[in-house]
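# Structural overview for review
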Amino acid sequence: MNANLHMIIKELYLKDLSACRTLAKKLAMLLKTGDIITLDGNLGTGKTEFCRAIIHALGYNEDVPSPTFNLVQVYEPELDDMETPAVWHIDLYRLENEEDVFELGIEDAFDTAVTLIEWPEKMGRFLPQEHLKINLKMAATEEARSITFAGGAYWQKKLGALEV
Ligand SMILES: Nc1ncnc2c1ncn2[C@@H]1O[C@H](COP(=O)(O)OP(=O)(O)OP(=O)(O)O)[C@@H](O)[C@H]1O
Ligand SMILES: [Mg+2]
């Protein structure tokens, strides 16, 4: 793998859930169809909360349940809405074999939607290399988190000015 593909772009300290949501909203405003974001981090670090904030910020006002059981939740814009990207929110925690990912129709998402993937390591070699890698870690207090963004040149350029 090309070593430049996932250079650390930035590491930010988020003091609480509200800071996480604010950052997710700012990131959402930069996203376009075709963008793939993976979220790593232990159980309960806030991967789903982060995705939820992105999806709401893109204008989807409905509930955003964790896709733990369905594995995929799809959000589609209204037919006359040419601006809002579709979103595929995917949680691969329960995926047993890498190959099973194709049963989800995931390759369609890569071209036609913004794809957010929790537990990306479960799809192993089928994960496209060009993606933004987000890592969430617990920090000093119960609500504090440390977040790291890593990616290639495309993401470095896009996230240059992103701050909490
Ligand atoms: N700063 C924070 N960011 C995100 N979640 C937070 C924060 N502080 C507290 N929380 C709480 O932590 C929990 C995070 O749960 P969430 O489902 O988002 O985790 P997850 O990483 O998706 O877990 P899983 O691996 O089970 O999918 C929520 O209950 C949320 O309210
Ligand atoms: Mg989750």
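Each remark here, short or long, concerns the structure printed above.
Here is what the cut-offs are and how they apply
- Residues numbered from 1 in each chain as written.
- Chains lettered and ligands numbered in written order.
- Predicted model: local features only at pLDDT ≥ 70, side-chain atom pairs only at ≥ 80, totals over all residues.
- Heavy atoms only, no water.
- Donors = N, O, S within 2.8 Å, 3.2 Å for Na, K, Ca; no water.
- Helix = DSSP H or I, 4+ residues; strand = E, 2+ residues; numbered from the N terminus.
- Buried < 20%, exposed > 50% of the residue type's maximum accessible area, 1.4 Å probe, protein only.
- Pairing = 2+ DSSP bridges.
- Near = heavy atom within 4 Å.
- Polar contact = N/O pair within 3.5 Å; in protein donor to acceptor, adjacent residues only side chain to side chain.
- Areas by Shrake-Rupley, 256 points an atom, 1.4 Å probe, with all protein chains shown as cover.
- 1 Å grid on protein atoms, 1.4 Å probe; cavity = no way out; pocket = protein on both sides within 12 Å on 5 of 7 lines; lining within 4 Å.
- Sits in = over half its atoms within 2 Å of the grid points.
- Contact = heavy atoms within 4.5 Å.
- Axes fitted to C-alpha atoms, helices over the stretch in contact; angles between N-to-C directions.
- Parallel < 35°, antiparallel > 145°, perpendicular 65-115°, else oblique.
- Left-handed = near helix turned anticlockwise from the far one by under 90°.
- Nonpolar A, V, L, I, M, F, W, Y, C, P; charged D, E, K, R; others polar.

## Examining the coordination of the magnesium ion (ligand 2)
Under ideal tetrahedral coordination, the four donors around a metal are separated by 109.5 degrees; under ideal octahedral coordination, the six donors are separated by 90 or 180 degrees. At 2.0 to 2.2 Å from the magnesium ion (ligand 2) lie its protein donor atoms, namely T48 (OG1) and E118 (OE). Of this pair, T48 sits in helix α2 (residues 47-57) while E118 sits in strand β5 (residues 113-118); the two residues are 70 residues apart in sequence, bridging distant segments of the chain. Neither residue differs from the other here; T48 and E118 are each classed as buried.

## Things to note about the pairing of strand β2 (residues 36-40)
The buried fraction of β2 is high, at five of five residues. Side chains I36, T38 and D40 of β2 all project onto a buried face; the interleaved residues I37 and L39 project onto the opposite face, where all are buried too. For β2 and β5, the ladder comprises four bridges, and the chain directions are parallel. Looking across to β5, one finds that I36 is bridged to T115. Both β2 and strand β6 (residues 132-138) contribute to a ladder of four bridges, which runs parallel. In the sheet register, I37 faces β6, and the bridge partner there is L132.

## Overview of the site of ligand 1
Near ligand 1, the surroundings consist of 16 residues, among which G44, K47, T48, E49 and E143 are the closest. Backbone polar atom of G46 to an oxygen atom of ligand 1: 3.0 Å apart, as the coordinates give it. At a separation of 2.6 Å, a nitrogen atom of ligand 1 approaches a polar backbone atom of E143. Bound to the protein, ligand 1 loses 74% of the 640 Å² it would expose on its own. If you map ligand 1 onto the pockets, it falls in the largest pocket.

## Description of the environment of L92
Within the secondary structure, L92 is located in the loop between β4 (86-91) and α3 (106-112). With residues up to four places along the chain from it excluded, the contact list for L92 reads V101, L104, I117, E118, W119, P120, K122 and M123.

## Comments concerning the packing of helix α1 (residues 17-28) against α2
Here α1 crosses α2 at 50°, and the two axes come no closer than 8 Å. One way to sum up the angle between α1 and α2 is to call them oblique. Considering only the axes of α1 and α2, their crossing is right-handed. Across the interface between the two elements, L17, C20, R21, L23, A24, K25, L27 and A28 from α1 touch E49, F50, A53, I54 and A57 from α2. Of the residues in the contact of α1 with α2, the class split is 10 nonpolar, no polar and three charged.

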